[in-house]
Amino acid sequence: HVKDIILQSNPLLEAFGNAKTVRNNNSSRFGKYFEIQFSRGGEPDGGKISNFLLEKSRVVSQNECERNFHIFYQLIEGASQEQQQNLGIMSLDYYYYLNQTDTYQVEGTDDRSDFHETMNAMMVIGIRGEDQQLVLQIVAGILHLGNISFREEGNYARVENADTLAFPAYLLGIDQGRLNEKVTSRKMDSKWGGRSESITVTLNVEQAAYTRDALAKGLYARVFDFLVESINRAMRKPHEEYSIGVLDIYGFEIFQKNGFEQFCINFVNEKLQQIFIELTLKAEQEEYVQEGIKWTQIQYFNNKVVCDLIENKL
């Protein structure tokens, strides 16, 4: 059973955490540390996944010739007629979060087949049917959120078409008026002379679009964390005996636009590379020299200069 969970966790996390980039059609857009635990007889009987640095910005925008996370395309291509009706599934080019790059298909990838594999993986891991439905509702809700657009009215943002609020509000289980309020305004708490009061600040068009996107990214990240927690719950064992840890780092990318999120991701990769160099290449080769062992020196770029550039004070 644990073997099945370990094997099925891969297509599930790939569906929600991988995407097509310019470099790779199935690029990992998150990092994970996977600990596989073994019994005394050498059988895998437990495990734990720690995930880090999910590329949340991909949910709301992608670079040219790239796609969003696989699950969005899988859902649209693989959903049953009933699911399409319940979730308001439209064509791929209907959704703003998918149509920005005009890239929908990936050579050698069957999104319809992969959707059924993803749903089967959820079942094997033990995610209940109603929870599976909620996951799909949120994924569809995020797509519909992206289609909420704004117009300027006296320097303030107004939802351009009130009808675009109805379906995301329904799928996310919230009141339409409440959703409208939350994407066009924010509450600010102020304290003055020992008294505190809340002020509602109306947003401009740019701020409203940012708020909508922040909501979409936050929802997606929580769904991803729920899936990781579900896998861990299914593999949990009361005590550890022997284990092997596998670190699967984030795919290193340099985009035309690199935000703070990408900076953090690349910095983590540089630090991991530095640890590998220090512990494996540098330390081992120094030991060979001390012991007088004949060996062929391995040339490598020591990226310490990159880490120092970021970490040292100016």
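Note that the structure is predicted; figures quoted are calculated from it, not measured.

Here is what the cut-offs are and how they apply
Residues numbered from 1 in each chain as written. Predicted model: local features only at pLDDT ≥ 70, side-chain atom pairs only at ≥ 80, totals over all residues. Heavy atoms only, no water. Helix = DSSP H or I, 4+ residues; strand = E, 2+ residues; numbered from the N terminus. Buried < 20%, exposed > 50% of the residue type's maximum accessible area, 1.4 Å probe, protein only. Contact = heavy atoms within 4.5 Å. Areas by Shrake-Rupley, 256 points an atom, 1.4 Å probe, with all protein chains shown as cover. Lys, Arg positive; Asp, Glu negative; His and termini not counted. Charge placed at Lys NZ, Arg CZ, Asp CG, Glu CD. Core = buried A, V, L, I, M, F, W, Y, C linked by side-chain atoms within 4.5 Å. Polar contact = N/O pair within 3.5 Å; in protein donor to acceptor, adjacent residues only side chain to side chain. Salt bridge = Lys/Arg side-chain N within 4 Å of Asp/Glu carboxyl O. Axes fitted to C-alpha atoms, helices over the stretch in contact; angles between N-to-C directions. Parallel < 35°, antiparallel > 145°, perpendicular 65-115°, else oblique. Left-handed = near helix turned anticlockwise from the far one by under 90°. Nonpolar A, V, L, I, M, F, W, Y, C, P; charged D, E, K, R; others polar.

**Student:** I would appreciate a short explanation of the overall build of the protein in the present structure.
**Tutor:** Tallying secondary structure elements over the protein gives eleven helices and nine strands in all. Taking the principal axes of its C-alpha atoms as reference, the protein extends roughly 80 × 55 × 50 Å. Residue burial in the protein is summarised as follows: out of 314 residues, 40% are buried. A fraction of 67% describes how many contacts in the protein between residues 6 or more apart in sequence connect residues 24 or more apart. Element-wise, carbon and sulfur atoms account for 51% of the exposed surface of the protein, whose accessible area totals about 18,100 Å². Here the protein holds 32 positive side-chain charges and 44 negative ones, and the gap between their average locations is 6 Å.

**Student:** Looking at this structure, I do not really get the nonpolar core. What am I missing?
**Tutor:** General note: in soluble globular proteins, nonpolar side chains tend to be found buried as a group. Within the largest apolar cluster, 61 residues are counted, with the highest numbers of intra-cluster contacts made by Leu12, Phe16, Phe72, Leu75 and Tyr220. With ten residues, the top contributor of residues to this core is helix α9 (residues 205-235). In this structure Leu12 touches Thr118, Ala121, Met122, Ile125, Ile127, Leu227 and Ile231, once residues within four positions along its chain are discounted.

**Student:** How should the side chain of Gln132 be read in this particular structure?
**Tutor:** As for its position among the elements, Gln132 is in helix α6 (residues 129-145). Exposure remark for Gln132: the relative accessible area of 13% places this residue in the buried category. A polar atom in the side chain of Gln132 sits 2.9 Å from the backbone oxygen of Ile127. Among all residues touching Gln132, those that are not within four sequence positions of it are Met119, Met122, Met123 and Ile127.

**Student:** Which parts of the structure should I look at to understand the pattern of salt bridges?
**Tutor:** Once their charged atoms are close, side chains differing in charge can pair, the charge on each being opposite to the other. Within the structure shown, the criterion is met by 15 salt bridges. Between Glu153 and Arg158 there is a salt bridge; the shortest N-O distance is 3.5 Å. We classify Arg158 as partly exposed; its relative accessible area is 32%. Glu286 serves as the salt-bridge partner of Lys282, at 3.3 Å between the closest nitrogen and oxygen. Placement of both Lys282 and Glu286 in helix α10 (residues 260-291) is noted, with a separation of four residues, approximately one turn of the helix. Judged by its relative accessible area of 28%, Lys282 is partly exposed. The exposure class of Glu286 is partly exposed, given its relative accessible area of 40%. Where salt bridges share partners, they join Arg29, Glu55, Arg58 and Glu66 into one cluster.

**Student:** Can you help me understand unusual backbone geometry in this one?
**Tutor:** Backbone phi values are negative for most residues with the exception of glycine, while trans is the configuration of most peptide bonds. At Cys65, a residue that is not glycine, the phi angle is positive and equals roughly 70°. Within the element layout of this structure, Cys65 appears in the loop between β4 (44-52) and α2 (70-78). Even without a glycine there, the phi angle at Asp102 is positive, about 60°. Mapping Asp102 onto the fold places it in the loop between α4 (96-99) and α5 (111-125). A residue is classified by how much of its surface remains accessible, and Asp102, at 58% relative accessible area, is exposed.

**Student:** Sorry, what's going on with the packing of α6 against α9 here?
**Tutor:** Two quantities define a packed helix pair, namely the angle between the axes and the distance from one axis to the other. Two numbers describe how α6 lies on α9: the axes approach to 10 Å, and their chain directions differ by 160°. Regarding the angle of α6 to α9, the classification is roughly antiparallel. Remark: the crossing between α6 and α9 carries left-handed chirality. Contacts between α6 and α9 involve Asp131, Val135, Ile138, Ile142 and Leu145 on the former and, on the latter, Arg212, Leu215, Ala216, Leu219, Tyr220, Val223 and Phe226. The class makeup of the residues in the contact of α6 with α9 is ten nonpolar, no polar and two charged.

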